Each structure stands twice: as C-alpha cells, then as structure tokens.
Amino acid sequence: MKFFVDTADVEAIAELNDLGMVDGVTTNPSLILKSGRDIIEVTREICSIVSGPVSAEVVALNAEDMIAEGRKLAEIAPNIAVKVPLTWDGLKTCKVLSGEGKMVNVTLCFSANQALLAAKAGATFISPFIGRLDDINLDGLELIGDIRQVYDNYGFETQILAASIRTANHVTQCALIGADVMTAPPSVIKAMASHVLTDKGLDQFMKDWAKTGQKIL
Ligand code: G3P
C-alpha cells in the first residue's frame, strides 16, 4: 500500500519522508489555506522533497478553465498529479489532461458510479472520501470495497486513493480491502505507531532495567 501525506505542511512532509513513509502528497484548497503559503511556491517546495505524485487541485468550475489551471499546475514539476473534482467538467478535464500524459487525481468521490466514470475518463487516481461519508452515517469503507470490486471486475487501472482518512483503523481497513493508496494527515500516520500494550511493555522494561543498575553506553 502506498502512503500519501494529506498536507501542505512542508516540515511535516520532510520529517515523514526521511523515514521512508511518503510515497506521495495530496493537497487541496483547504490545506493550502491552512499552510498560509502561495500554492505554486509551496507545491514546488513539496515536489523538491518528494519524488512520488504530488496532487495540486484546480479551483475553476468549468472545463476550459480547469484545463488551463491543470496545465499550469503540471508545469511546476514532472511529478504533479492534477486534482480535479468529480463533476462533469472535472471528468472532461480528466480526459483531456490524461490524454496529454499528465497524472490526474479525481477527488470528492462518494459513489462507485462516480469512480466508474473517473476510470473511464482515464484517471490515474480516484479519491473516495471515507471520513466525510462516515460523518453523515454512511459507510466510507464499504465504498472502498465496492470500488475495488468494480475496478477488479473490469481490469481498470485507476488507483484507489482512499482519502478523508481520520483514524489509524481506517488505514488498516483500507489495506485489508486492497486500496492501492491511502492519504492521511501526518497525525494519523504517527498514530499508527501507537499501541497501549507497547507503552505498557516499555514502561515495565524501563522499570526492570533501572533495577539492574546497568548501562549500555
Ligand atoms: O484528501 C482529502 C482530505 O483532505 C479530506 O479530508 O478530513 O477534510 O474530510 P477531511
């Protein structure tokens, strides 16, 4: 399973990248706002750190302007994946930009039908949002399973990029279902290292070690 980091926080990306935890990065307009940085500048800096796909999102709503924005974003670096919303204009944009050999990430996906359309439009990645479905009492993980089955039934090569991941358990479940990629905030990736029995066991080891009176260094 590939790990993308869902942030435009350059320091957090660099820290995880040094540990080999970063296969790519996803950003969106909300994350750019949170970073307080210029989209072109921060995206360029991220691309200088990470060699895998870095998603940068268009903000126009009509296909003509989305295509122009996508081309501009793609000029930032060869590893840019142009992120477009799952609207009819977004699908048109996906078809054009993927036809030009650009990576396209179709985002804001909430149904298997939407994922099917994105695959037919040549999407490199489809981004189903798990957490936001859970927020309205629908089953985000069930959607990942449905898309996995639909894509496998027909051999679509579009990669399932599980997004809106809020918990470490979401990551486990996505890996079990067979999502190709997951994108999560740095806090969730770090939370994956935590286990109450690890903390408890380490605490006991430290207490016992102190009683030995020994030192390693
Ligand atoms: O990758 C999409 C992600 O940023 C959305 O997450 O938590 O805002 O639903 P969230």
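Preceding this section is the structure that the text describes.
Worth saying up front: this structure is predicted, and the values here are computed from it rather than measured.

*Asks:* Lay out the site of the ligand with the relevant residues and their values.
*Replies:* In the vicinity of the ligand, the contacting residues are Asp-6, Asn-28, Phe-129, Arg-132, Ala-163, Ser-164, Arg-166 and Thr-183. Between the ligand and Arg-132 there is a distance of 2.6 Å, counted from an oxygen atom to a side-chain nitrogen or oxygen. The contact in question runs from an oxygen atom of the ligand to an N or O atom on the side chain of Ser-164, over 2.7 Å. Starting from 310 Å² of accessible surface for the ligand in isolation, the protein chains cover 81%. The cavity that encloses the ligand is the largest pocket.

*Asks:* Residues and numbers for the pairing of strand β8 (residues 181-184), please.
*Replies:* Alternating residues of β8 divide into Val-181 and Thr-183 and Met-182 and Ala-184, and every residue in both groups is buried. Pairing of strand β7 (residues 159-162) with β8, which is carried by 2 bridges, proceeds in the parallel orientation. By the bridge assignment, Ala-162 is partnered in β8 with Met-182. Of the crossover connections in this fold, the one passing from β7 over helix α9 (residues 168-177) to the parallel β8 is right-handed.

*Asks:* Explain the environment of Leu-176 to me, and be specific about the residues and the numbers.
*Replies:* Inspection of the secondary structure assignment puts Leu-176 in helix α9. According to the relative accessible area criterion, Leu-176 is exposed, its value standing at 66%. Between the alpha carbons of Leu-176 and Glu-100 there is a distance of 34 Å; along the sequence they are 76 residues apart.

What counts and what doesn't
Residues numbered from 1 in each chain as written. Predicted model: local features only at pLDDT ≥ 70, side-chain atom pairs only at ≥ 80, totals over all residues. Heavy atoms only, no water. Near = heavy atom within 4 Å. Polar contact = N/O pair within 3.5 Å; in protein donor to acceptor, adjacent residues only side chain to side chain. Areas by Shrake-Rupley, 256 points an atom, 1.4 Å probe, with all protein chains shown as cover. 1 Å grid on protein atoms, 1.4 Å probe; cavity = no way out; pocket = protein on both sides within 12 Å on 5 of 7 lines; lining within 4 Å. Sits in = over half its atoms within 2 Å of the grid points. Buried < 20%, exposed > 50% of the residue type's maximum accessible area, 1.4 Å probe, protein only. Helix = DSSP H or I, 4+ residues; strand = E, 2+ residues; numbered from the N terminus. Pairing = 2+ DSSP bridges. Right-handed = clockwise from strand over helix to strand, strands pointing away.

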